[in-house]
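Next come the chains, spelled out residue by residue.
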Amino acid sequence: MKLQAVSNRKLYVQIADQIRDQIVSGTANVGQQLPSERDLAISLGVSRPTVREALIALEVAGLVEVRVGVGAFVKSQGGGTIGLPEHNHSPIEIIGARRLIEPEVAALAAQNIGPESKGKLLRIVDTMHAEIATNRWSSESDRALHTVIAEACNNLVLREILTSLWDSRSEELDTRFHQHLADISSVRKHILNDHSQIATAIINADSATARSAMSAHLRYVESAMLAIWD
Ligand SMILES: [Zn+2]
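It should be emphasised that the depicted structure is a prediction, and the values quoted were computed from it without experimental measurement.

Draft legend 1. How the structure looks around the packing of aromatic side chains. Considering all chains together, one arrives at 0 aromatic pairs under this definition. Arg67 extends its terminal NZ or CZ atom over the ring of Phe73, reaching a point 4.0 Å from the ring centre.

Draft legend 2. Layout of unusual backbone geometry. For Asn135, which is not glycine, the phi torsion reads 60° and is therefore positive. Residue placement: Asn135 occurs in the loop between α5 (115-133) and α6 (139-152). With phi around 60°, Ala205 is a residue other than glycine that occupies positive phi space.

Draft legend 3. Just the coordination of the zinc ion, in detail. Those donors, Asp142 (OD), His146 (NE2), His195 (NE2) and His217 (NE2), are the protein atoms that reach the zinc ion, and they lie 2.1 to 2.7 Å from it. Coordination at the zinc ion is irregular: its 4 donor atoms span angles of 84 to 162° at the metal. In terms of primary sequence, the donors binding the zinc ion are separated according to D-x3-H-x48-H-x21-H. With His146 in helix α6 and His217 in helix α10 (residues 207-226), this pair connects stretches of sequence that are 71 residues apart. Assessed through its relative accessible area of 1%, His146 is described here as buried. We classify His217 as buried; its relative accessible area is 3%.

Draft legend 4. Just the nonpolar core, in detail. Within the largest apolar cluster, 67 residues are counted, with the highest numbers of intra-cluster contacts made by Ile19, Leu34, Leu55, Val64, Leu121, Ile149 and Ile202. Here this core gathers at least three residues from each of two domains, domain 1 (11-74) and domain 2 (91-226). Non-local contacts of Val64, meaning those with residues more than four positions away in its chain, are made with Ile23, Leu34, Leu55, Leu58, Glu59, Ala72, Phe73 and Lys75.

Draft legend 5. Molecular detail of the pattern of salt bridges. One pass over the full model with this rule turns up 13 salt bridges. Between Arg98 and Glu102 there is a salt bridge, with its nearest N and O atoms 2.4 Å apart. You can see Arg98 and its partner Glu102 sitting in helix α4 (residues 91-112), 4 residues apart, about one turn around the helix. Summarising the burial analysis for this pair, Arg98 and Glu102 share the class buried. With its nearest N and O atoms 3.0 Å apart, the salt bridge here joins Glu104 to Arg211. Here Arg211 lies in helix α10 and Glu104 lies in helix α4, a separation of 107 residues in the sequence.

The rules behind the values
Residues numbered from 1 in each chain as written. Predicted model: local features only at pLDDT ≥ 70, side-chain atom pairs only at ≥ 80, totals over all residues. Heavy atoms only, no water. Phe/Tyr/Trp six-rings, centres within 6.5 Å; stacked < 30°, edge-to-face > 60°. Lys NZ or Arg CZ within 6 Å of the ring centre and 35° of its normal. Helix = DSSP H or I, 4+ residues; strand = E, 2+ residues; numbered from the N terminus. Donors = N, O, S within 2.8 Å, 3.2 Å for Na, K, Ca; no water. Tetrahedral: all angles 85-135°; square planar, octahedral: opposite > 155°, others 65-115°. Buried < 20%, exposed > 50% of the residue type's maximum accessible area, 1.4 Å probe, protein only. Core = buried A, V, L, I, M, F, W, Y, C linked by side-chain atoms within 4.5 Å. Domains from an automatic or database assignment. Contact = heavy atoms within 4.5 Å. Salt bridge = Lys/Arg side-chain N within 4 Å of Asp/Glu carboxyl O.

Right, here's the structure in full:
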């Protein structure tokens, strides 16, 4: 009986490995543009978002530079020792999970939030306005806002689930993925507007609006992650 090993490594890691082998073996030289996401997706038989995760993983590993709207370029041939962020979760799966959970958490937060958390929310939104005014965006403020909402929902189990989701969201791969989005000024502004609407609805104890605003926010972020970049 001849059995084949089943790989349970994440798909993006397997794809990144294949592209890395091409780069390290010298098939693609430093400075050279890699085939487009679309062409890689077709030739590897996977979805474009998986190719995107793989390219960003290679970027985190220092082998590739991703230029949104242009393409991916070989940055270093590495010598085969550079490690991929293997243990990172898939950014597309993280946003998928957040979309299922966070709208309900926002609705609960609108019912349960206390004065102290209201103050925190307002301060974080103020910080976000100041950041956007100087063309900045920070993962820390983003996490702070969503964390205050998770705390305010008054359910320790949900809060712990979200802490674990945000630990995944803060991994290098997902942070880099979001940074690419936040480099686009229209995306930064859209996200700030979303965050203000969510905070206002929660502070006003408006559960239905909090739920729909959080849902719209995460749908928007997911669509930006999946939009065509090149
Ligand atoms: Zn957000």
